[in-house]
Amino acid sequence: MLALTGAAALEPVAIPPFSAARPGEPLPRGWREALLPNRKPPEFALVADEGATVLRVRSSAAAGTAAHSFHIDATAHPTLAWRWKIDRVVERGDLAVKSGDDFAARVYVFFDLPEEQMPWSARMRLKLARLLHGSDLPSAAICYVWDNRHAVGASAWNPYWYRVR
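What this report covers is the structure whose coordinates are included nearby. (Residues numbered from 1 in each chain as written. Predicted model: local features only at pLDDT ≥ 70, side-chain atom pairs only at ≥ 80, totals over all residues. Heavy atoms only, no water.)

### So, the environment of valine 47
So, step 1. Residue placement: valine 47 occurs in strand 3 (residues 43-49).
So, step 2. Judged by its relative accessible area of 18%, valine 47 falls in the buried class.
So, step 3. Separated by 35 residues in the primary sequence, valine 47 and tryptophan 82 have C-alpha atoms spaced 17 Å apart.
So, step 4. When residues no more than four places from it in sequence are discounted, the contact partners of valine 47 are Pro23, Ala52, Thr53, Val54 and Arg56. (Helix = DSSP H or I, 4+ residues; strand = E, 2+ residues; numbered from the N terminus. Buried < 20%, exposed > 50% of the residue type's maximum accessible area, 1.4 Å probe, protein only. Contact = heavy atoms within 4.5 Å.)

### Some points on the packing of aromatic side chains
So, step 1. Per the counting criterion, the structure on display carries five aromatic pairs.
So, step 2. Taking the centre distance of 5.8 Å and the plane angle of 80° together, the rings of tryptophan 82 and tryptophan 84 count as edge-to-face.
So, step 3. On the basis of an interplanar angle of 5° and a centroid distance of 5.3 Å, the ring pair of tyrosine 108 and phenylalanine 110 is categorised as stacked.
So, step 4. Connected via pairs of aromatic rings, a cluster forms that spans Trp82, Trp84, Tyr144 and Trp146. (Phe/Tyr/Trp six-rings, centres within 6.5 Å; stacked < 30°, edge-to-face > 60°.)

### Let's talk about the pairing of strand 4 (residues 52-58)
So, step 1. Pairing analysis gives seven bridges linking strand 3 to strand 4, with the strands arranged antiparallel. Bridge pairing in strand 4 places glutamate 43 opposite arginine 58.
So, step 2. Between strand 3 and strand 4, which pair antiparallel one after the other, the connecting turn spans two residues, and glutamate 50 there sits at a positive phi close to 50°. (Pairing = 2+ DSSP bridges.)

### Some remarks on the pattern of salt bridges
So, step 1. Here the structure, examined in full by the defined rule, presents 10 salt bridges.
So, step 2. For the salt bridge of glutamate 43 with arginine 58, the shortest nitrogen-to-oxygen distance reads 3.9 Å. Note that glutamate 43 is positioned in strand 3 and arginine 58 in strand 4, a separation of 15 residues in sequence.
So, step 3. Under the relative-accessibility criterion, glutamate 43 is labelled partly exposed at 38%. (Salt bridge = Lys/Arg side-chain N within 4 Å of Asp/Glu carboxyl O.)

Following this line, the structure appears as structure tokens:
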């Protein structure tokens, strides 16, 4: 999970890579486990893979993520880059249907849009969602998924929240 918002940043922003750590160490500085209440957490570990340290996440009927938050001017820094590798796909994963909202890997990019730029109904839904889920809930997101059914570049709205693409 990454947070991008409208705060100015003139220098390139580097998120501490997992490859800078050694296997068995804790997550690099700035990274944290973001877990969901009343849900089994995934297992996070820094491990060696083909000569590099990577984050291994094991998840079976679990929910949670490794998160790194930062504030950046997305117009000045419009590109994110990452590598990912999976060892199996989620057979029922399908971004076209609500029942298929389960994937082997995801990267969320969250945005906080100025509320005055949002329609009144969207502001009210966001206020309600923040009451239920916490004040740091972002107003919009892009979620990149490892999908085994659609072509690279396919796009769909999230079946659970209309502000996630």
